[in-house]
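What the coordinates show
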Amino acid sequence: TSPGCRMWTLAWLGITSLCLGEVWAVPAREERRKVEKIKADLALYENLDLDNYDLTLDNYGDILDLSNYEELYDYGDLAPKIEVGTLAPRPKDPAALPDLGTTAETLKLQPPTTTSPVRPAPIPAQAASAPPGPPSCLLCLCIGTSVYCDDADLEHIPLLPPETTYLYARFNRIGAVRAGDFMGLKKLKRIDLSSNFISWADADAFRLLPSLQELILPENRLTALPELPRSIVRLDARLNRIPSTGLRPEAFRDLKQLQFLHLSDNQLDYIPAPLPESLRSLHLQNNNIQTMHEDTFCDSHDHSQIRRALEDIRLDGNPINLGLFPNAYFCLPRLPTGRFS
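Residues numbered from 1 in each chain as written. Predicted model: local features only at pLDDT ≥ 70, side-chain atom pairs only at ≥ 80, totals over all residues. Heavy atoms only, no water.

- Under an unreviewed UniProt entry, the name given to the protein is OPT protein, and the source organism is Halcyon senegalensis.
- Comment text from UniProt for the protein, heading Sequence similarities (unreviewed entry), reads "Belongs to the small leucine-rich proteoglycan (SLRP) family. SLRP class III subfamily."
- Check the Subcellular location (unreviewed entry) section of the UniProt entry for the protein; it says "Secreted, Extracellular space, Extracellular matrix". (UniProt positions renumbered as here; feature names shortened; annotations may be inferred.)

Pasting the structure below:
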């Protein structure tokens, strides 16, 4: 062959090798990129601090402050919503489904009777086949040591986990509180039963709770107050039907930790004295109080007495004329709210 032909052949072979090299190089570069990306992702996760990410149901109530959940909400505008996409798939075996009818029956407590002592209703044998966990957590929302039973159509206090600290059972149809409803709940600090139909509470329903600090009972039908534990700090029984005869004599004298006593919108005829020195807020507006004693708030024999804590007294909406008792307020940091003429 001529030199020109050999040169043309060599040039053609060079171009072909370059093209083939480029074709083979593309997958190699893609593989290198994937390997580099995997290494980068691993390096990113190695730098994440996962040791402190320890949010569980047990500590959820501690991390999120649930203790101030006390506002009264209007649930009338909140229609129930169901997101079909979030429903769990139905088990193939029907026997795997819980027997909801049987479970509901086991949760109902027997109403109180007058012919026998009040005791908690026994749990039927069928309860052994119910799903694990306390019965209240089948009806309510249990988060940590808090139990939320708001607007759950309850007629009785549900059986509560022994570690319960806060109970919210507002906007239900609970008609009575029995002695055994809170038996053994030594850690229970707050009970909120606002807006129920409670007309009766056993005398020992709350007295034996050693840690109870807040008892919230507004908007019920109570005609008498049960005995309270000495640990109580706040009692709210507004908007009931409690007359003065519905309070035990000197009911609040020994409650040395009581700071907030709210009994407005009831049927009281007089101020429930003596009041503990710890008291900070006394709300008695909109009752039927017509008179008071000079020793109701202050010791008339000790004119050096000063009650610095008791600075919020509401007596407005009562037929009493506070101006008729000028010597009754000398120890107070401020005058009660009410009519002085």
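There's plenty left to go through after this.
1. Quick notes on the confidence of the model for the protein
- Looking at the protein as a whole, its pLDDT mean stands at 76, while 61% of the residues score no less than 70.
- Every residue in residues 41–133 is under pLDDT 50, and counting partners more than four places away or in other chains gives 65 contacts. (pLDDT = per-residue confidence, 0-100. Contact = heavy atoms within 4.5 Å.)

2. Topic: the pattern of salt bridges
- A full pass over the atoms with the stated rule returns 16 salt bridges.
- The closest approach of N and O atoms between arginine 170 and aspartate 150, which form a salt bridge, is 2.7 Å. One end of the pair, arginine 170, is in the loop between strand 3 (166–168) and strand 4 (176–177); the other, aspartate 150, is in the loop between strand 2 (146–148) and strand 3, and 20 residues separate them in sequence. An identical accessibility class is assigned to arginine 170 and aspartate 150; each is buried.
- The partner of glutamate 227 in a salt bridge is arginine 207, and the shortest N-O contact between them spans 3.8 Å. Pair noted here: glutamate 227 is in the loop between strand 7 (214–216) and strand 8 (234–236) and arginine 207 is in the loop between strand 6 (200–201) and strand 7, with a separation of 20 residues, a long-range link.
- Judged by relative accessible area, which is 29%, glutamate 227 ranks as partly exposed.
- The class of arginine 207 is partly exposed, set by a relative accessible area of 32%.
- Residues joined by salt bridges that share partners form a network here, namely Arg190, Glu214, Arg234, Asp236 and Arg238. (Salt bridge = Lys/Arg side-chain N within 4 Å of Asp/Glu carboxyl O. Helix = DSSP H or I, 4+ residues; strand = E, 2+ residues; numbered from the N terminus. Buried < 20%, exposed > 50% of the residue type's maximum accessible area, 1.4 Å probe, protein only.)

3. A word on the packing of aromatic side chains
- Counted under the stated rule, the structure contains three aromatic pairs.
- Taken together, a centroid distance of 5.1 Å and an interplanar angle of 5 degrees make the contact between tyrosine 148 and tyrosine 168 stacked. Placement of tyrosine 148 in strand 2 and of tyrosine 168 in strand 3 is noted, with a sequence separation of 20 residues between them. With respect to burial, tyrosine 148 and tyrosine 168 carry one shared label: buried. (Phe/Tyr/Trp six-rings, centres within 6.5 Å; stacked < 30°, edge-to-face > 60°.)

4. A word on the sheet that holds strand 10 (residues 281–283)
- If you walk across this open sheet you meet the nine strands as 1-2-3-5-7-8-9-10-11, and the pairing is mixed. Each having just a single partner strand, strand 1 (141–143) and strand 11 (312–314) make up the two edges of the open sheet. Sheet twist, expressed as the mean angle between neighbouring strand axes with direction ignored, is 5 degrees.
- Across three bridges, strand 8 lies against strand 9 (residues 260–262) in parallel orientation. Its bridge partner being in strand 9, leucine 235 is matched across the sheet by leucine 261. (Pairing = 2+ DSSP bridges. Axes fitted to C-alpha atoms, helices over the stretch in contact; angles between N-to-C directions.)

5. So, the state of the cysteines
- Under the criterion given, the structure shown has three disulfides.
- Disulfide pairing places cysteine 140 opposite cysteine 149 at an S-S distance of 2.0 Å. Looking along the S-S bond of the cysteine 140-cysteine 149 disulfide, the torsion reads about 105 degrees, which is the right-handed sense. The residues cysteine 140 and cysteine 149 share a single accessibility class, namely buried.
- Across a sulfur-sulfur distance of 2.0 Å, cysteine 298 and cysteine 331 are joined as a disulfide pair. Since a negative S-S torsion denotes a left-handed disulfide, the cysteine 298-cysteine 331 link at about -85 degrees is left-handed. Pair noted here: cysteine 298 is in the loop between strand 10 and strand 11 and cysteine 331 is in the segment after strand 11, with a separation of 33 residues, a long-range link. Per residue, the accessibility class of cysteine 298 equals that of cysteine 331, and both read buried. (Disulfide = S-S within 2.5 Å.)

6. Here we look at the UniProt feature "domain: LRRNT" (unreviewed entry) in the protein
- Under the local residue numbering, the UniProt record ascribes the feature "domain: LRRNT" (unreviewed entry) to residues 136–166.
- As a span, residues 136–166 carries 13% helix and 23% strand, and end to end its C-alpha atoms are 13 Å apart.

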